[in-house]
Amino acid sequence: MSEFNHREIEKKWQQVWEENQTYKVEIDHSKPKYYVLDMFPYPSGAGLHVGHPLGYIATDIYSRYKRLKGFNVLHPMGFDSFGLPAEQYAIQTGQHPAITTENNITTYISQLKKIGFCYDWSREVRTSDAKYYKWTQWIFMELFRSWYNKESDKAEPIETLYAKFEQNGTFDVKTVADDDVLSFTAEEWKGYSETEKYKISLKYRLTFLSDAVVNFCPALGMVLSNDEVKDGVSERGGYPVIQKKMQQWMMRITAYADRLISGLDLVDWSDSLKEQQKNWIGRSVGAMVKFALESNTDSKIEVFTTRVDTIYGVSFMVLAPEHELVASLTTPVQKENIENYIAETQKRSELDRVSDVRTVSGAFTGSYCVNPFSGEQVPIWIADYVLAGYGTGAVMGVPSGDQRDWNFATHFGLPIVQILDSQTDITTQADSTKEGNYVNSGMIDGLGYKEATTKLIAFMEENNIGKAKVNYRLRDAVFARQRYWGEPVPVFFSPPTPDGGGNLPYLIDEKDLPLVLPEVDKYLPTEDGEPPLGRADNWHYSSPNGGGGGLELSTMPGWAGSSWYWFRYMDAHNDQEFASKEAIDYWQNVDLYLGGTEHATGHLLYSRFWNKFLKDRGYVPQEEYAMKLINQGMIMGVSQLAYRLKLETTEKTDDDLFNIPGYAHEFYVDNRYKQVYYSADLIDYIKENYPNLEFSIIHIPIEYTDNNILDEDSLRYFRGRYENIAFVTRGGINALLKENENYFLETAHIHEPRSFKTVSLTEKMSKSKYNVVNPDTIVEKYGADTFRLYEMFLGPLTESKPWDTRGIEGTYRFIRKLWRLFYDQNGKYLVTDAEPTKEELKALHKTIKKVSEDIEDFSFNTSVSSFMICVNELSDLKCHKKVILEKLVVILSPYAPHVTEELWQILGNSDSITVQEFPIFDAKHLIEDSFEYPIQINGKVRVTLNFPADMTKEEIEKLVMENDLVLKWLEGATPKKVIVVPKRIVNVVI
RNA sequence: GCCCGGAUGGCGGAAUUGGUAGACGCGUUGGUCUCAAACACCAAUGAGGUUACACUCGUGCCGGUUCGACUCCGGCUCCGGGUACCA
């Protein structure tokens, strides 16, 4: 093949790879392993767009590079195939989500294969496949069978908890679960029935049922996680979300809060990502303090504070309106007041409460509690700035040290007490300093912050009025969704008994896994509000040990399947274990993980949690599963928008219309137009002068735009529907604004998140935004190699960047230029066996050096530049020498696998390029002889000299003088590199 | 508000980490080839200035350190992302 034809070359090699299973990988103890993982995609109906493959290309380059470096590389791909879009589609059309999903996956695979990735497709996983979710269910069961022992700081089988209860009762059992609630002795425990013991154990397991307040979305008929709710509406669809109490399966991720923080030290992730996770976990160290009620000293209000030291400055107590004690604390006099306030609060939507931070509101309950240190009387208020869901839902008000408390105190005329001598000006604002010594502070008067805190906590613990406590922002994760397209929860409920007992959750027998998702007639909730699984026939379990009951109707949330999938790739077809011990021992964990930053507080926390759990239970060896993580940036679609005059809503008489600028001329005088679009630079003018006109925003296909200027003629020519539209420019409006004839568009950058489950319903419509660039079209026209190079060339991997199709011509030219090192225009083979020259070797080795360094640093963009420079240099040198070209082709092969395989063969090699070794650069070809080649810039001659470390000052000076240069030394400098300028002054040394 | 990150030509972006700012590519302009186009090739392309050189200015803004600053330090402005009455 002497003619460059990317279509034939790519087809040929993709076929060869498939037939020979070139990229199939097996355990091979003779080689070091390397595991490269992409965050697997949710197969959306829209198929891949140009932004998706960015990360995949980067990992593919890295995988191929590592393979050439002698590693046994695991580089798999699969699909996170449970998810809402398929279910929504099923609700609308009645088509089974499995079918939609299957179709979408087929599209994805064919698109991915066209780009030439070196995945081992035999290891593909799909989370919605029963063979896969069998093990998701199994992990759920393991979590259910475990509790978190704070003493050993790991998860243990529930049996060890039973043993501890047997020995000591609740005494000495350190756990994170309900540890303050239950209290019994070993004797009492022994007296409990098995069912009672089981009931108690349910409170300690890592998956547990809880009456949680959840985000319920009536329109979607399901519960949403906090990250699925944005600004009080559902992230998908934007429907209203209300707070509702429901019994929910929960995951005790809070047990791992500390380890999720400390584990970050083990991994090579970006600081910003680590920071995000730390903030999300929100560890705050402080104390729990009990304030007894004045009316009933047995009853206490607990507050969490990070500043116990300010306890003597407490001048009021605030409860969340939802706090359970509010009703009993309210005195008859205040009853109406409080009830009004609560009603008021409930009326305000989440959005109002959040956006309206500044307004101070609250109500007095009429009751008082007692400051346990000063013995002072403290009035109890309620206010919506205190959140029921954080801490204890109660706050001690210290107006001198906290701005919100200060605002509250000032607004309601409560006293502001100075507690530190260093506090200044607390009459105008709070001062949260920790400096200075305490005043007005009883037992800590005169002390500093540290001693005071220690003393207070010791005192509280001694007198049982409080204790040191670490609080987290992180909540336990709701692990259930009231929807169909997810993993069924392998749990049944024992039948209720007449005395109100029963109805306890039990795991199904492990032998009955997978619990397969049943068929239903519709994918909507049932009439009485039960989840879709309520529609299934025989959704009931009969235990082989006798007994049984109705199966759980909720399914698992989207993140279940993605929280362990990297292990499945290690041994994708195992039906005895989630992955064999041998496979896990060999592959260990992921060396390089690449995906979008939007998973920072979702997937990347949950999956770390599951990994740690599996490690605790001895199934996997590593505390962290993703050693290096890179967040690739997004490729932004560019939308070009036009302003269309809304004739349908604009009041219009003929006179009005005639007065609209541009309109009269374009619409009336020239009768062919039916609509008017205004240039973006006119909008301000029109809005000012015709405030009653309304506009809608129209997407213009980007191929008819040149940046933000419309190519009106071709748009009209190629798109019939634009024929009747008048595009009004500044110049088109009388003579008033005659300064520009261009029709300007509004440019908008649209983020296209590449993700597991973040494909929103509205985003599906991006086809209609005319901003989607389909990779298939690009690959067809320019070839996969060009596409791969261009995506890398666009900019740094981790940055967001706008897509510009025009730029791809440059990389396309590069590939053709490369080809012409082998064949001339007439198809004549040019490659010779001649010895390379010094310059040729230098060009090659410079590139080898740069490219290896760049790949190690993930700077793929600059290495593409180096390739271009190298090929340009070799072209200029007319270098067609085999020894040079062979090495060039090998180092280029990770980036452009098809064309390099072809060229490799053309060079006379029978084996595949994949078995080659990545060339090592030879520094001797790079030595710069600066004296022979002075560089001339702007008429100045400057020379950079590199000296061996052992060269003395005198030797350097001699050298410089011999060459008619001037050199000035800096005091105390050690020569490493010298810049000299002839006959002028000199720069020196570092 | 708080926490991260960023700002370099018409555009995407380079700059060996303090040493010739603008690599590489796109776009634009001029030219060669062609009946013409496509492809390809050559040249120019930060701004001002000049016939051309010279020269001057120039990495968001103000100041500092240094022989030398896109790079380091102090103070701002704007943009992007995350998060939010978190006690």
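Residues numbered from 1 in each chain as written. Chains lettered and ligands numbered in written order. Predicted model: local features only at pLDDT ≥ 70, side-chain atom pairs only at ≥ 80, totals over all residues. Heavy atoms only, no water.

Section: the overall build of chain A
(1) Moving on: Helix and strand content of chain A: 30 helices and 34 strands.
(2) Moving on: With 990 residues in all, chain A has 53% of them scored as buried.
(3) Moving on: Within chain A, contacts between residues separated by at least 24 positions form 71% of all contacts whose residues are at least 6 apart in sequence. (Helix = DSSP H or I, 4+ residues; strand = E, 2+ residues; numbered from the N terminus. Buried < 20%, exposed > 50% of the residue type's maximum accessible area, 1.4 Å probe, protein only. Contact = heavy atoms within 4.5 Å.)

Overview of the packing of helix α5 (residues 130-144) against helix α18 (residues 603-616)
(1) Moving on: Between α5 and α18, whose axes approach to 11 Å, the crossing angle comes to 65°. With respect to their mutual orientation, α5 and α18 come out roughly perpendicular. For the element pair α5 and α18, the recorded crossing hand is left-handed. Packed against α5, whose contacting residues are Thr 136, Ile 139, Glu 142 and Leu 143, the element α18 presents Phe 609, Trp 610, Phe 613 and Leu 614 at the interface. (Axes fitted to C-alpha atoms, helices over the stretch in contact; angles between N-to-C directions. Parallel < 35°, antiparallel > 145°, perpendicular 65-115°, else oblique. Left-handed = near helix turned anticlockwise from the far one by under 90°.)

Here's the deal with the sheet that holds strand β23 (residues 626-631)
(1) Moving on: Pairing is parallel across the open sheet formed by four strands, whose spatial order is β2-β1-β22-β23. Every interior strand has two partners, whereas the edge strands, β2 (72-74) and β23, have only one. Mean inter-strand twist for the sheet, computed between neighbouring axes without regard to direction, equals 20°.
(2) Moving on: Judged from the three bridges that link them, strand β1 (residues 33-38) and strand β22 (residues 590-595) form a sheet pairing that is parallel. Within β22, the residue paired with Leu 37 across the bridge is Tyr 593.
(3) Moving on: Docked against the sheet, helix α2 (residues 53-68) engages β1, β2 and β22, running at close to 170° with respect to β1. (Pairing = 2+ DSSP bridges.)

Here we look at the sheet that holds strand β18 (residues 491-493)
Pairing between the strands of a sheet is mediated by backbone hydrogen bonds and can be parallel or antiparallel.
(1) Moving on: The four strands lie next to each other as β19-β18-β21-β20, forming an open sheet whose pairing is antiparallel. The sheet is open, and its two borders are formed by β19 (505-507) and β20 (540-542), each paired with just one other strand. The mean inter-strand angle of the sheet, taken between neighbouring strand axes irrespective of direction, is 45°.
(2) Moving on: As defined by bridge partners, β18 adjoins β19 across three bridges and the pair is classed as antiparallel. Residue pairing for β19: Phe 492 is matched across the bridge by Tyr 506.

Examining the nonpolar core
(1) Moving on: Of all hydrophobic cores here, the largest spans 93 residues; its most connected members are Phe 578, Tyr 593 and Trp 610.
(2) Moving on: Considering every element that reaches this core, the biggest residue donor is α5, with nine residues.
(3) Moving on: Leave out the neighbours within four places in its chain, and Trp 610 touches Thr 136, Ile 139, Leu 143, Met 251, Phe 479, Trp 559, Ala 560, Ser 563 and Trp 564.
(4) Moving on: Residues Ile 778, Met 792, Leu 797 and Phe 918 belong to the second largest nonpolar core, which totals 82 residues. (Core = buried A, V, L, I, M, F, W, Y, C linked by side-chain atoms within 4.5 Å.)

What about the side chain of Ser 361?
(1) Moving on: Counting through the fold element by element, Ser 361 comes out in the loop between α13 (350-355) and β13 (363-370).
(2) Moving on: Engagement of the side chain of Ser 361 in a polar contact is seen with the side chain of Tyr 341, the distance being 2.7 Å.
(3) Moving on: Excluding residues within four positions of it along the chain, Ser 361 makes contact with Tyr 341, Ala 383, Asp 384, Phe 408 and Phe 412. (Polar contact = N/O pair within 3.5 Å; in protein donor to acceptor, adjacent residues only side chain to side chain.)

Focus: the packing of helix α26 (residues 838-857) against helix α28 (residues 882-892)
(1) Moving on: α28 packs onto α26 with a crossing angle of 15° between their chain directions and a minimal axis gap of 10 Å. By the angle between their axes, α26 is roughly parallel relative to α28. Relative to α28, α26 is oriented so that their crossing is left-handed. Facing α26, whose interface residues are Glu 840, Leu 841, Leu 844, Thr 847, Ile 848 and Val 851, α28 presents Ile 884, Lys 887, Leu 888 and Ile 891.

Overview of the environment of Pro 894
(1) Moving on: Counting through the fold element by element, Pro 894 comes out in the loop between α28 and α29 (897-906).
(2) Moving on: Residues contacting Pro 894, with those up to four places away along its chain left out, are Ile 61, Arg 64, Tyr 65, Leu 68 and Arg 788.

Things to note about helix α4 (residues 97-114)
(1) Moving on: End to end, α4 covers 26 Å across 18 residues, agreeing with the expected 26 Å (1.5 Å per residue, within 8%).
(2) Moving on: Taken together, the buried positions of α4 are occupied by Pro 97, Thr 100, Thr 101, Asn 104, Ile 105, Tyr 108, Ile 109, Gln 111 and Leu 112. The buried residues of α4 occupy an angular sector of 165° when the element is viewed end-on, so they sit on one face.
(3) Moving on: Residues of α4 that are buried make contact with α2, α3 (84-93) and α23 (775-782). (Expected span 1.5 Å × (residues − 1). Arc of directions from axis to C-beta.)

Here we look at the confidence of the model for chain A
(1) Moving on: Averaged over every residue, the pLDDT of chain A is 81; residues scoring 70 or more account for 77%.
(2) Moving on: A low-confidence stretch, residues 750-770 (pLDDT under 50), is modelled with 72 contacts involving residues beyond four sequence positions or located in other chains.
(3) Moving on: Taken together, the chains of this predicted complex give a pTM of 0.84 and an interface ipTM of 0.93. (pLDDT = per-residue confidence, 0-100.)

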